[in-house]
Structure formats: structure tokens, C-alpha cells
Amino acid sequence: MTFQYLAALVLASGALYGQRPLPPSQLFVIRTPSIQDSSWDEVQVSYLTAFNGRGYNNQPHFLAENTLIASLQTNPNEATEIYLFNLAKRTKQNLTRSRSAEYSPKGLHGGKDSISYVRVPAYDTTVQDLVAASTTRASDFRYLLRAFGTVAYYRQLSGEQFVCYLLDGRHQLGLCDQSRGLKRIFASKPGQCFELNHTGQILYVDKSVDAQWLLKSYDPLSQRSRTLTTMPSGTQDFALDDSGQVYCASKGRILRLNAKGLWHTLIDLSPAGLNDIRRIAIRGNQLALVNHPE
């Protein structure tokens, strides 16, 4: 197994100060010659957030092959902001720069420069709305969802219809349609990650039973769900590649779900110091990984 280390985008910065920072996390990108290989014997490892080495670096999402957005907290006394990374040029940019907290950034249908994110206004931290903006003026936003409850995570299903992880009273997954003013809850006690596949199915993790978290699919048309497999112990994050195959991480390992419903280890990144990988995102032969340092 070979790891090729690439230079970090920015040299590490000085220490951060504050009393209540979010848990520290690290954002990496790994590249493999072919994501479809049965094992990844050679990968390139890039550490994107050395400049924020003791800060919060999370929720990565690929806008394009070499364009990644994520939620960062670079000052423990200030709110999270949306950063854009150009992987080809090895540059970074703070898109939001506001007193409000912004997180969970995603691309929107209809343009490579259109993004969405959850916004928590500085004057009322009980509010969490879904908004849209351009990457060129990300702080100049418009509302996508309002009056649907406290939105934590989401995926755009189509137009003004979104799948949302809602925090009101209890954690639930629901379909929210702004144009029709409709909300339909379809799952309780879900994991924080869910995805849409090519057939329109919603894949999500059911955490109803503590000892056994399940990967399920939900069909919005038939309103039925079915169990696909059991998740590795303690794992609630997963991602889909361009062909719809499912990947997840367990400690330092990256795994792929095979046709028999079993998880197959592709690579163990613990020798590279990545021992607690959680959120992942995939684009082409690249994976963005969030590692939680010891």
C-alpha cells in the first residue's frame, strides 16, 4: 500500500483562542487511480485544512471535480462559515464572512455557481433556515425553505422540494415542498447523512435500534422503505459515487457495499494517521474525508 502525500494548500497558522470551539476536525482529499478497483493500493493524500489545524472543518461537498465547499470555524469565538477550495490551483476562499452561522453547503440544480446552505442568524440562534446564493456573492442569499421547522441537513429532490433532517422535538426525515407548502415525515431517529440515487430513491440510516443501525431506501412515490444492509458499528455517514455505489468509513477504513449487501474494505488509511473518519464525499476518483484527531 502506497501513500503519496501532496503539499497542504496553506501553511499551518498560529494557535486559536477561545473557550467553546466546535470539536476539532480535519479535511483531507484522497485520489485513487480508479475508484472502481477492488482495492486501492496507491492513493494521493492531500491535507486541505492545515491552516485551521485545531479548528472545525466539516461537511465537504464537491461542486465540480476540482471544486469543494465545506463548513469551517476558524475562530472559536465566531460562527461557522462556508469555504470554497480550488483543488487544481490549491487555493481557498471564505464565501460568506458574516456574523451568522452557515453550514451544510451543497450545490443546487441549475448552475455550477449556485449553492445552498443552512443559515442560523446571529440575532436568533433558534432559527435554522435553508437559503440559496451564488458562490460569487454567497452572503447575498434568498430563502429556499421557511416555516418548515428547524432544518439541520438536506438534499434537493427537485425544484423547491427538499429532503430535510428536522430537529423540532425529535429528529426526523421529511419531504418539504415550498411551492405547495407541504411537509411529509417518513422516518424517525435517522442518521445525519442521506443521499439520492439515480432512480429517485432516498438512502438514509435508521438509528432506531442502538445496537444495529440500518441503511434503508425510501421511495417517495410508493411511500415505502426497505432495508438494504446493516451499517458498520457506529457509522452513520456514507456517500454515493457516480454509478450509485455506496461507500462509508469505519475508523480508518474506507468500505464499499457489494452486490451481496456486504461491506468490502478498499483501503485502510490509519497508517496515514486517519483513524476516525466520518463524513465523506465523492466526485470521480476523489474522496473528501473528515477525520477527527485523537
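Given the structure is predicted, the values throughout are model-derived calculations rather than measurements. (Residues numbered from 1 in each chain as written. Predicted model: local features only at pLDDT ≥ 70, side-chain atom pairs only at ≥ 80, totals over all residues. Heavy atoms only, no water.)

Attention shifts here to the pattern of salt bridges. Tallying each qualifying case throughout the model produces 5 salt bridges. In this structure, the salt-bridge partner of D129 is R146, at a minimum N-O distance of 3.9 Å. Of this pair, D129 sits in strand 10 (residues 129–134) while R146 is found in the loop between strand 11 (137–145) and strand 12 (151–158), placing the two residues 17 residues apart along the sequence. Between R155 and E195 there is a salt bridge, with the nearest N and O atoms lying 3.0 Å from each other. Taken together, the positions of R155 in strand 12 and E195 in strand 16 (residues 190–196) put the pair 40 residues apart, joining distant regions of the chain. Grouping residues by exposure puts R155 and E195 together as buried. (Salt bridge = Lys/Arg side-chain N within 4 Å of Asp/Glu carboxyl O. Helix = DSSP H or I, 4+ residues; strand = E, 2+ residues; numbered from the N terminus. Buried < 20%, exposed > 50% of the residue type's maximum accessible area, 1.4 Å probe, protein only.)

Moving on: the sheet that holds strand 8 (residues 101–107). Read across the open sheet, the 4 strands follow the order 8-9-10-11; overall the sheet is antiparallel. Both outer strands of the open sheet, strand 8 and strand 11, are each paired with one neighbouring strand and no more. Geometrically, the sheet is characterised by an average inter-axis angle of 35° between neighbouring strands, direction not taken into account. Bridge count for strand 10 against strand 11 is 4 bridges, and the pairing is antiparallel. By the bridge assignment, S134 is partnered in strand 11 with R137. (Pairing = 2+ DSSP bridges. Axes fitted to C-alpha atoms, helices over the stretch in contact; angles between N-to-C directions.)

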